[in-house]
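# Chains, contacts and geometry: an overview
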Amino acid sequence: MGAVGAMGSALAADAAVFIITTMQTQPLTVSRLRAFRMCGRNYEYKYLVGLVPNRESEALVTGRLFHQALHEIATGQSIDVAIESVWSYFGAAIEQAEDADEARALAIQDVTIRTLLHGYQWRWGNDPIQILASEKRAPRRPLTNPATGRTSRRWHLDGVIDKLIYYRGSEMVMEHKTTSQSIDSDSPYWRRLQLDAQISQYVIIARELGLEVQSVLYDVVRKPTIKPKTVALADGRDLKIVLDQGGERVLNKNGSPRQTGDTKLGYTLQVRPETAEEYAKRIAKDIEVNYDNYFRRIEVARTEDELKAHMADAWNDALAISDARKRGHFCRDTDRCITPLTNHRCPFLPICTAGTQSIDKANPPEGYHLGQQDPELTQQEDRDHGNNHNGATAAA
């Protein structure tokens, strides 16, 4: 049986043994590990209390909608259908916007995602990636201590893999990311992947499907660095309009309209905000010229020693989580409330700065509600489960 055929059989293999042996255990996802490593209190609020901010961050919305669109394309939908899904989301959001500024911000985010999707398909549409599964939740892999072989009675490894692919003669995991950071080949963004827990865990759980996975194809989309700007207002002759302090149009000595402002003289060039459509055209043009600044794929391999190191980290983190829960106290890491480089703020910072010591689930703090504890798992279950595509070739 060929590699692709064997992979197809592996994807359909019965994983009941893992489900039965881990039926009473909790999922240890990479998201859980990251939350606990970042701050114990963050983990407690997110995964034990189940708090979710009422307002989803712009970064999370962009990542979620981009992933959803790529999943739709991978499962047979056209790029136009995938992009229409993005517009449907923002169309509804814009209708509910509180004011014109919020509506404009949503419109800008909408065209940004849709333009990036068009650019992504243009950049990678002919790349011969064979997609075997999209948004695949692997069989639950018991968490084991790599030093002793002991199996945890409380935890199992879990997660949803963006893609399982056959590419350049190898079986791989494919992971999609959107970021605002530089993705130049020498960027620190790539260096950190050598230690990234998600890559290690996805290689491990992909092997539970019988795949000979050694690496992850990391597929990154960078958000535009160019920002919406203002556009000079023009008259019927396409001449810019400059007004003085009295609101009168400023003319040159020869009687022609002045074309530049001057703060010292009180002359102001009249401008308007760039429309979302105009901004989208600038992004598209920039993508054509600088596509490597927006789209890059790098294969990241894992050795057996690196996988063992991840299992050791996960095992000890799981012990620490269980111990904190037993003691009834999750420690705060106040150095992680605000990340200096990206200015990322912990979503639970308002709760901590308010001095809140305990959460009443029946009455969540203002600005929060109770939601799913492992949204990446539950969202996948709500999607189309017909995501196996043996033999299908598509842009991933």
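As a convention, each chain's residues are numbered from 1 in the sequence order in which they are written. Reporting of local features is limited, given that this is a predicted model, to residues whose pLDDT is at least 70; pairs of side-chain atoms are given and counted only at 80 or more, and all residues count toward the totals for whole chains, interfaces and linings. Note that the side-chain values use all heavy atoms of the structure and ignore hydrogens as well as water.

## Some words on the packing of aromatic side chains
Only rings of Phe, Tyr and Trp enter the pairing, Trp through its six-membered ring, and a pair is recorded when the two centres are within 6.5 Å. The plane angle decides the type: under 30 degrees is stacked, over 60 is edge-to-face, the rest tilted. Tallied over the entire structure, the rule returns 12 aromatic pairs. Relative to phenylalanine 295, the ring of tyrosine 120 has its centre 6.1 Å away and its plane inclined at 80°; by these criteria the two rings are edge-to-face. Placement of the pair is tyrosine 120 in helix H7 (residues 100–124) and phenylalanine 295 in strand E13 (residues 295–301), with a sequence separation of 175 residues. A simple rule labels every residue: compare its accessible area, found with a 1.4 Å probe on the protein chains alone, to the largest value its type can have, and call it buried under 20%, exposed over 50%, or partly exposed in between. A residue is classified by how much of its surface remains accessible, and phenylalanine 295, at 1% relative accessible area, is buried. Centroid distance tyrosine 294 to phenylalanine 295: 6.1 Å. Interplanar angle 40°. Geometry classified as tilted. Take tyrosine 294 and phenylalanine 295: they sit in the same class, and that class is buried. In this structure an aromatic cluster arises from ring pairing among Phe36, Tyr43, Tyr47 and Phe330. Starting at the N terminus, helices and strands are each numbered in turn, a helix being any DSSP run of H or I of at least four residues and a strand any DSSP run of E of at least two.

## Focus: the nonpolar core
Remark: nonpolar core denotes a set of buried residues (Ala, Val, Leu, Ile, Met, Phe, Trp, Tyr, Cys) joined through side-chain atoms within 4.5 Å. Ranked by internal contacts, the top residues of the largest apolar core, which has 41 residues, are Leu28, Tyr43, Leu143, Leu164, Val173 and Tyr218. When residues of this core are assigned to their parent elements, the largest contribution, 7 residues, is made by helix H11 (residues 304–327). One finds Ile79, Ile108, Leu217 and Ile283 within the second-largest nonpolar core, a separate group that totals 38 residues.

## A short note on the environment of leucine 28
Along the polypeptide, leucine 28 turns up in strand E1 (residues 26–28). According to the relative accessible area criterion, leucine 28 is buried, its value standing at 0%. Once the C-alpha coordinates of leucine 28 and arginine 140 are considered, the two residues, 112 residues apart in sequence, prove to be 9.7 Å apart. Apart from residues lying up to four places away in sequence, leucine 28 is in contact with Leu33, Leu143, Trp155, His156, Leu157, Asp158, Gln201, Ala314, Ala318 and Ile321. When checking whether two residues touch, look at their non-hydrogen atoms; a contact exists if any pair is within 4.5 Å.

## Comments concerning the sheet that holds strand E4 (residues 141–144)
The pairing criterion for strands is at least two bridges between them, as found by DSSP. Taken in spatial order, the 3 strands line up as E1-E5-E4 in an open sheet, and their pairing is mixed. The two strands at the open ends of the sheet, each matched to only one other strand, are E1 and E4. If you compare each strand with its neighbour and ignore which way they point, the axes differ by 55° on average. Two strands pair when backbone bridges link them, and E1 and strand E5 (residues 151–157) are joined in this way by 3 bridges, in the parallel orientation. By the bridge assignment, proline 27 is partnered in E5 with histidine 156. Only the stretch in contact is used when a helix axis is fitted, and all axes are lines through C-alpha atoms; the angle between N-to-C directions ranges over 0 to 180 degrees. In this fold helix H9 (residues 197–207) packs onto E1, E4 and E5, with an angle of close to 105° to the strand it touches most, E5.

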